[in-house]
Amino acid sequence: MGEEEEKFDGMLLAMAQQHEGGVQELVNTFFGFLRRKTDFFTGANVGAPEKLVHESFSHHNKLAQKAHREKLAKQEKEHREKTERAAKLAKEEERKKKKPEENEPKIKELTDEEAEKLQSEIDQKKVEEKKKNENASMKNTENPSKETDAKGSDSEGEEDEKDKDKLKPNSGNGADLPNYRWTQTLSEVDLLVPFDVSFRLKGKDVGVDIQRRHLKVGLKGHPPVIDCDLYNEVKVEESSWLIEDGKIITVHLEKINKMEWWSKIVTTDPELNTKKICPENSKLSDLDNETRGMVEKMMYDQRQKSMGLPTSEEQKKQDILQKFMAQHPEMDFSKAKFS
């Protein structure tokens, strides 16, 4: 049903943009066409045209009101969660200020028995640490993977070199550019385009065209601020735009691929360093368990690689090897080759 409704969007949007009088003028044009080119008003029983128009209006009005309520509920939920997190952080900071002494080291006099026990634990830890270092030394001896690790480090260095010219994400995981600002989550993108005008903008003053892979935003009679292909595809029927404070056009885009961070909103934008994106926990909690686990694993592996540390799979293999070596101290691993 969504694709069927969307089929004529391009043609209807082109028509709408030519009606400076807005929706009222567009509706008048449509009914004028029915009057001049069809028997809509005269070909049916008396009252049938009014009934058809009323039923169609009622149907789409219900859908629009439902979508509006869902959007408001979503915005309220996000605002409430942000407020709760801020209050929690403020409360935690206040608690730390009131009780600084809890974070300070305390001196406690030990009995001879407690001191002897503590010394025994310290000696035991030293023995374990020494054994661990010996095992690590055996692992690194004549290990050909050392050369591979060096190559891996060089590769990571090259990646860092490539990322150095990329933009750092703003607080909304998007970018602040000279003519507009955009933010994103895994599922949606929000764009804010301010205009320096001396009057309050109305719908007839602006031109916004949202297509599956293209976006155009600007004032009528002026070069558009954006007229370019999007980074990736969006759901046109779930995307929207509106005018805020008479000066700002906000565009909401619903991503089709909800497992991807955009590195730019349109293809002509400077690239964003997606490795530095910090998604909100509340957004992750909206995902199902399987998807959330995949996202968190991807984020962890991404952070590990950026710091030159092993990924979750590599760490798992190392842990298994260390455990095996600890269980078999009688075996000599000094000449072993590991892949």
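Residues numbered from 1 in each chain as written. Predicted model: local features only at pLDDT ≥ 70, side-chain atom pairs only at ≥ 80, totals over all residues. Heavy atoms only, no water.

1. A closer look at the pattern of salt bridges
Proximity of charged atoms lets side chains of opposite charge pair with each other. Summed over the entire model, instances satisfying the criterion amount to six salt bridges. For Glu271, the salt bridge identified is with Lys166, shortest N-O distance 3.9 Å. Note that Glu271 is positioned in the loop between strand S8 (248-255) and helix H7 (281-285) and Lys166 in the loop between helix H6 (145-163) and strand S1 (175-176), a separation of 105 residues in sequence. Classification of Glu271 as partly exposed rests on a relative accessible area of 37%. Residue classification places Lys166 among the partly exposed residues on the basis of a relative accessible area of 27%. The partner of Arg212 in a salt bridge is Glu233, with the nearest N and O atoms 3.5 Å apart. A residue pair is termed long-range when its members are at least 10 positions apart, and Arg212 in the loop between strand S4 (206-210) and strand S5 (214-219) and Glu233 in the loop between strand S6 (226-229) and strand S7 (234-244) qualify at 21 residues. (Salt bridge = Lys/Arg side-chain N within 4 Å of Asp/Glu carboxyl O. Helix = DSSP H or I, 4+ residues; strand = E, 2+ residues; numbered from the N terminus. Buried < 20%, exposed > 50% of the residue type's maximum accessible area, 1.4 Å probe, protein only.)

2. Some words on the packing of aromatic side chains
Remark: the centre distance and the inter-plane angle together describe each pair of aromatic rings, the angle taken between the planes. Throughout the structure, instances matching the rule amount to four aromatic pairs. For the pair Phe31 and Phe41, a centre-to-centre distance of 6.4 Å together with 45 degrees between the ring planes defines the contact as tilted. Separated by 10 residues along the polypeptide, Phe31 in helix H3 (residues 23-37) and Phe41 in the loop between H3 and helix H4 (48-98) bring together distant segments of the chain. A residue is classified by how much of its surface remains accessible, and Phe31, at 28% relative accessible area, is partly exposed. Taking 5.1 Å as the distance between ring centres and 85 degrees as the angle between the ring planes, the aromatic pair formed by Phe40 and Phe41 counts as edge-to-face. What makes Phe40 buried here is its relative accessible area of 18%. In textbook terms, an aromatic cluster arises when at least three aromatic residues are bridged by ring pairs, as seen for Phe30, Phe31, Phe40 and Phe41. (Phe/Tyr/Trp six-rings, centres within 6.5 Å; stacked < 30°, edge-to-face > 60°.)

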